Structure formats: structure tokens, C-alpha cells
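Structural features, examined
Now for the letters of each chain:
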Amino acid sequence: MFSQFRTPRGHLLLALVLLDILLLTPELPWAGLPPRHWIALEAPLIIGLMALLPPARWRHWVAGLIAILVLTVVLGAAGDALTQTMQGRSLNLYTDLKLVPVLIELIVTNLGLPLAIGGLLVVGLALFALGLVLTRLLQGFHARNTSRGLALLLILVGGVGLARIDTLHDDDAPGWMARIGHPAASFVTFEWQRARETRQALTTFGRQLYNDNHAYAAPGGQPLPGLANTDVILGFIESYGVAAIEREPFRTEIQPRLEIVESQLAAAGLAVVTGRVTAATLGGQSWLNHATFTSGLPVTSQLRFELMINSQHSTMIDDFKATGHDTVAIMPGITRNWPEGSLYGYDQIHTSDSMDYQGPSMGWANMPDQFTWQRVEDYVLSRHQGPTFTELATLSSHAPWSPIIDMIDDWSTIRDGRVFDRWQVAGEDYASLWQDTEAMRRNYGPAIDYALQAASGFARRYFGKDNLGKDGLDPDHQRDHTLMMVLGDHQAAPAIIGNTPGRDVPMHIISDDPALLQGFLDQGFRSGMFPPGPEAAIPMQSMRGLLHRIYGAVTPDVTATTSDSGS
């Protein structure tokens, strides 16, 4: 019964069906299964053209090239699906190709090198086999064994359809016509147009780097005299978005925690206000949000980040150095050389290798948040006589949110982290959780709960009213107060928190001096741990300017005479 498929017409039919299926994949990320269209007009056009070609040797290369192009579209569709699931946006090939090494590193980190290599080999072999089958099918028919009339009919259907189908999709069109489309051509056209727009946007962004009219944008930054003699801590909590507070089932756990934290901070003599900040990304790429916050620029892609970090445009790190602070980065998630840290200009940098963590790995995170916060005391507050600015990024609330551990009651026992050995085998199954969305969703709330406990516990212990001067903190240090800014780096992936979550994250400002918080209240923040509504959201790139409005001596919007240096 399969002999009919070994004929030229059988090869043509199979090639047509396979091409149709593959060329429909670009619409699967947004339409799902079954696809919106059943017929991809590109398929009959390609098959018709191939049927007109003679059986020459070069025809083999044409068939191979078509297979490569079609598989490229399929890979693009897979990338689009992954991007929409994890970051709530469509693929942008112009900027996202640079993230392929990051994706591979993520796969290796979570699966281990042997499994990662095995998985990539399986995917590669599957694509190779698919391409080989398509190439062979396209070679099975040609001008000498296929009816010219059939070839011209296929070309007519595909070519005219591509030219006219969009104008025929109206309310009066018959239902079957709605099943005909050109998803592959639309995908390629969309990516081409987006690439042109992105290139133009990057050009504009590049000009902005060297023609930023904000006074603080000048090389060397601008001081923040309102924070002189004040220790400032900027802490990013991984994947902490407003969805954790506002959406079920997470809010059932997080809202009570926020109420508890608010009461605990008040009992420790600490004031707290909370705002709502719109991050640059959704679902990942934390470093872009760090850069957006500290630079005052919308660093929404890796290309923008590279332009920013290699320019003379100053950052918040420069502002605090100009104010007289020692600047320190504590980045436990950095596990290899980090040249960007030097370009930021920190006075000291502590990454995973230099933080002397001797405890067990915590799933994806190589150390728990409580240890990271303790290192702020160990490496910064207890070692510096003058004021400091510390930026840190925590890891415990990173996907897949495993393991979930408890707080260590006695912070003095943390030391090198061996106290966490009680969770030696916890989270060993974290790699398998990537395939279990429901399990990750169940873990997300508890992970954020732990992250909030660690951050607030640090604040109460090290600058609460009952602990000043204890645990090695010299009361004669030449600084008056502490301002601690804690915010989410981005929302979690839409696959976890639900569709259309937006990009807003909470930002908590904690201080032992309520007067330091008044400026935030004037700018739409509210007292306590709960953020205001969406109408009060502030773009993350505006936070540097906001700090200058509150604590600076120079109006942020004043043009700096050197702001265009290097243009």
C-alpha cells in the first residue's frame, strides 16, 4: 500500500504535506494547537517551483538549501515559543541571537554537562534527519516525471494566494478561506521589519548615551549629598514581581508575610515605604534591569547593554563614588570572570568564587539568600569606616524555585555557610522541575517568602534600633544612617504567574531614619510593605533620576556641560 508513495507523485505529495506542517510552526507559539491555518501557501509555491526544475546535479543543492531555510524557520518558531513562555514577548532575532550562549549555559547549569550535550545532540540529530528526509523528498520529483500542468497549478495557488490572501480575509469570506495563510512568510517579514526598527532604535540609543542631557549622565556622575554619611544598600530579589502580591495562589502566602515584615520592621525601629517600578524585561535577563536602574537608561536588550557598559555614560556607582562612598558589588550568581564589573567601576567586587561559601549548593542557586545578605555585613558594613554603597543580587527565588529552606534563627552561626548542611540533599531534583510547571508554580510563593524573610531579617539585625553596635559593627563608624532599597529584578515567567502579567515589581525602601523616606512618599510611594496600584508605576530607568531629585544637589534635568563627551 506504500508503493504509491515511492512514485514521483508520492514524493511530491509527501513533500507538500511535510513542508506544510513545518511552515505552519511559526504560528504555533501564539495560536497553539490546532493551528489557526491548515494550509501554508508557501508550501505549494515551493513544490511547484521544484517540479519545474530539471533533474540536474545542482538540483540537490537547491533541495538542501530549501531544507535548511525551512528548518531555520522551525528553529525560529521554537525560539519564539520559548521567548513568549519565559519572557512574555515575541522573539527578536536581531537582539536575541546574542542570548544563545546564555541559553546553552543555562541548560548546562541545570542538566549537567553530560545530559546537556546528550540533549543537544538528540535535537541536532533530529533536525538533521528531518532535513535529510525533506531533501530526499524534494529530489524525488522534477520536470521530467511531473506534469507541467500540476506544477503550474501549484505555483498559481501559492503565488496568487500569497499576493491576495490578506485582502480576501474579511468577514464575508467563506470559512475554508480562513484556514489558508502564510505564517512562514509573515514570520520572516515580521523579523526583517523588527530588525530594521531595532537597528534604528539602537542607533537612537547610542546617540542618547553621548547626548544625555541629565546632569548626572556626565562621566564621573553627580554626588548625592542627601545620602552623604549614609550606608546605601541596593538589593535585587530574583523574580519578585507584583504578581506575587496580587495574583492567586501566591498572594495568599505573600500578603501575610508582608504584614508580618511590616510589623517586625516597625518593632525594630525601622521605617519602610513601598513603590511600584516597571522593569525593563519580563521573566529573565536580570542584568538588563540592574543596568537600567543604575544607568537611568532603558537597557532592554543585550546589544543596548553592551553599548551602555562600553560607553562613558556614568551610572549610579559613579554617583555614590562622587558622594564619598566605597562601592561594593556582591554577586553570588557570577561564577566566572566578570569584566563588566570593572567597567561599572566598583571599588570591590565579590562573586561566587570569592564569597567563601562552604555550604551545599541550593539547587540552581549556589548559595542561599541569608548567606548573601550576611556577606553584606561581613564584607562591607564591618570593614569600612566611612559610608558605603552596596549592590547585591540574590538567588534563592530563581526558577525553578527549589529547594525551599527555612531561615537560620541565629545569624551569628552562618559564618562560612556550613550551617546550611542540613539541606545537603534538598533540591537535588531541581533540574527535573523545569518540566513540571505546576511544581514550579507551587514553589514560587514559598521561595519569594523566604527571600523577603532574608532581606528584612538582615535589616532588623544590622541596623535595627536594638542591634546597632553589635556583632562587630563599630558604633564609631563615620556614617549616620542606612538606606536599604530592595526590589524585584523582574516578574517571573508568564508560564508561572499567568498571562499578561506586565513588568511591574515592588520596591521597598527601609531606613532607620524616617526623614530619608519622605521624598519617596512625595513621589507616589506609600507607607508600609504593599505597593500602590499600576497608575503609580515608575519606569525603572527613572529611578536614578528620582534619587537625584530626592537627595541630589543638581536638578537631574539640567544639561551637564560634559554630558556629550565622547560623541
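Here, every reference points to the structure presented above.
Residues numbered from 1 in each chain as written. Predicted model: local features only at pLDDT ≥ 70, side-chain atom pairs only at ≥ 80, totals over all residues. Heavy atoms only, no water.

A few words on the overall build of the protein. Per the secondary structure count, the protein includes 21 helices and 11 strands. When the 567 residues of the protein are sorted by exposure, 51% land in the buried category. Summarising the internal contacts of the protein: among those between residues at least 6 apart in sequence, 79% fall at separations of at least 24. In the form shown here, the protein has an accessible surface area of approximately 25,300 Å², with 57% of it arising from carbon and sulfur atoms. (Helix = DSSP H or I, 4+ residues; strand = E, 2+ residues; numbered from the N terminus. Buried < 20%, exposed > 50% of the residue type's maximum accessible area, 1.4 Å probe, protein only. Contact = heavy atoms within 4.5 Å. Areas by Shrake-Rupley, 256 points an atom, 1.4 Å probe, with all protein chains shown as cover.)

Another point: a nonpolar patch on the surface. On the surface, Leu93, Leu97, Val100, Ile104 and Leu120 cluster together into a nonpolar patch covering about 400 Å² of accessible area. Locating Val100 in the fold gives a position in helix 6 (residues 100-111). Using a relative accessible area of 39% as the deciding quantity, one classes Val100 as partly exposed. (Patch = residues over 30% accessible without salt bridge, like charges linked within 9 Å, V, L, I, M, F, W, Y side chains within 5 Å. Salt bridge = Lys/Arg side-chain N within 4 Å of Asp/Glu carboxyl O.)

Attention shifts here to the pattern of salt bridges. Applying the stated criterion across every chain yields a total of 9 salt bridges. Between Asp449 and Arg257 there is a salt bridge, with its nearest N and O atoms 2.5 Å apart. Placement of the pair is Asp449 in helix 18 (residues 437-463) and Arg257 in helix 11 (residues 251-267), with a sequence separation of 192 residues. With a relative accessible area of 17%, Arg257 lands in the buried category. The partner of Asp378 in a salt bridge is Arg375, with the nearest N and O atoms 2.7 Å apart. Residue Asp378 and its partner Arg375 are located together in helix 16 (residues 369-381), separated by 3 residues, close to a single helical turn. Residue Arg375 is classed as buried on the basis of its relative accessible area, which comes to 5%. Linked through salt bridges whose partners overlap, the residues forming this network are Glu246, Arg276 and Asp504.

Right, let's talk about helix 18 for a bit. Here helix 18 spans 39 Å end to end across 27 residues, near enough to the 39 Å set by a 1.5 Å rise per residue. The buried fraction of helix 18 amounts to 21 of the 27 residues, a majority that puts the element mostly inside the structure. (Expected span 1.5 Å × (residues − 1).)

To continue, consider the packing of helix 12 (residues 286-295) against helix 13 (residues 302-309). Look at helix 12 against helix 13: their axes get within 10 Å of each other, and the N-to-C directions meet at 45°. One element, helix 12, and the other, helix 13, form an angle in the oblique class. Judged by the twist between their axes, the crossing of helix 12 over helix 13 is left-handed. When helix 12 is examined against helix 13, the residues Trp287, Leu288, Ala291 and Ser295 are found in contact with a partner set consisting of Gln302, Phe305 and Met308. For the contact of helix 12 with helix 13, the per-class residue count stands at 5 nonpolar, 2 polar and no charged. (Axes fitted to C-alpha atoms, helices over the stretch in contact; angles between N-to-C directions. Parallel < 35°, antiparallel > 145°, perpendicular 65-115°, else oblique. Left-handed = near helix turned anticlockwise from the far one by under 90°. Nonpolar A, V, L, I, M, F, W, Y, C, P; charged D, E, K, R; others polar.)

Counting across every chain of the model gives 3 cavities of 30 Å³ or more. A volume near 60 Å³ is recorded for the largest cavity. Forming the walls of the largest cavity are Val261, Leu452, Ala455, Ser456, Met484, Val486, His508, Ile510 and Met529. Elements represented by at least two residues in the lining of the largest cavity include exactly helix 18, strand 8 (481-488) and strand 9 (504-511). Per element, the largest residue contribution to the lining of the largest cavity is 3 residues, and it comes from helix 18. Considering only residue class, the lining of the largest cavity consists of 7 nonpolar, 2 polar and no charged. (1 Å grid on protein atoms, 1.4 Å probe; cavity = no way out; pocket = protein on both sides within 12 Å on 5 of 7 lines; lining within 4 Å. Points joined across faces, edges and corners; volume = space filled by probe spheres on them.)

Where helix 1 (residues 8-23) meets helix 3 (residues 42-52), the closest approach of the two axes is 8 Å, and the angle between their N-to-C directions is 145°. The chirality of how helix 1 crosses helix 3 is right-handed. Two secondary-structure elements touch here, helix 1 through Leu12, Ala15, Leu16, Leu19, Asp20 and Leu23 and helix 3 through Glu42, Ala43, Pro44, Ile46, Ile47 and Ala51.

Among the 8 residues in helix 13, 6 count as buried, and that is most of the element. Within the span of helix 13, buried status applies to Gln302, Leu303, Arg304, Phe305, Met308 and Ile309. Next to the buried residues of helix 13 lie helix 5 (93-96), helix 9 (183-210), helix 12 and helix 15 (339-344).

Looking now at the environment of Arg196. Looking at where Arg196 falls in the secondary structure, it is placed in helix 9. Arg196 sits 102 residues away from Tyr94 along the chain, and the two C-alpha atoms are 8.7 Å apart.

Generally speaking, soluble globular proteins have nonpolar side chains that are buried together. By size, the foremost hydrophobic cluster in this structure holds 61 residues, and its most contacted members are Trp373, Phe420, Tyr444, Phe458 and Met484. Going through the elements one at a time, strand 3 (230-237), helix 10 (243-246), helix 11, strand 5 (326-331), helix 16, helix 18, strand 8 and helix 19 (494-497) are the ones with two or more residues in this core. Among the elements that line this core, the one with the most residues is helix 18, at 14 residues. One finds Phe205, Val273, Phe389 and Met507 within the second-largest nonpolar core, a separate group that totals 45 residues. (Core = buried A, V, L, I, M, F, W, Y, C linked by side-chain atoms within 4.5 Å.)

Right, let's talk about the layout of surface pockets for a bit. As a volume, the second largest pocket reaches approximately 500 Å³. Taken together, 21 residues make up the lining of the second largest pocket; nearest its centre are Leu69, Val70, Val73, Ala184 and Val188. For the lining of the second largest pocket, the per-class residue count stands at 17 nonpolar, 2 polar and 2 charged.

All right, on to the side chain of Ser286 then. Take Ser286: it is sitting in helix 12. Looking at Ser286, its side chain comes within polar contact range of the side chain of Glu238, at 3.1 Å. If sequence neighbours within four positions are ignored, Ser286 has contacts with Glu238, Asp489 and His490. (Polar contact = N/O pair within 3.5 Å; in protein donor to acceptor, adjacent residues only side chain to side chain.)

The next thing to look at is the pairing of strand 6 (residues 348-351). Pairing geometry for strand 5 and strand 6, over 4 bridges, is parallel. Among the inter-strand pairings, Ile330 is bridged to a residue of strand 6, identified as His350. The parallel pair strand 5 and strand 6, bridged by helix 15, forms a crossover whose chirality is right-handed. (Pairing = 2+ DSSP bridges. Right-handed = clockwise from strand over helix to strand, strands pointing away.)

For Asn366, the position within the fold is in the loop between strand 6 and helix 16. A polar contact is formed between the side chain of Asn366 and the backbone oxygen of Pro332, at a distance of 2.9 Å. Setting aside its immediate chain neighbours within four residues, Asn366 contacts Pro332, Thr335, Ser352, Tyr357, Pro360, Ser361 and Leu395.

Between Ala399 and Pro400 the backbone carries a cis peptide bond, its omega angle lying at 10°. Relative to the helices and strands, Pro400 resides in the loop between strand 7 (388-393) and helix 17 (430-433). Even without a glycine there, the phi angle at Ser239 is positive, about 60°. The topology assignment puts Ser239 in the loop between strand 3 and helix 10. Residue Ser239 is classed as buried on the basis of its relative accessible area of 3%. The phi torsion at Asp356 lies on the positive side, around 50°, for a residue other than glycine. Tracing the sequence through the fold places Asp356 in the loop between strand 6 and helix 16. Overall, Asp356 belongs to the partly exposed group, its relative accessible area being 40%.

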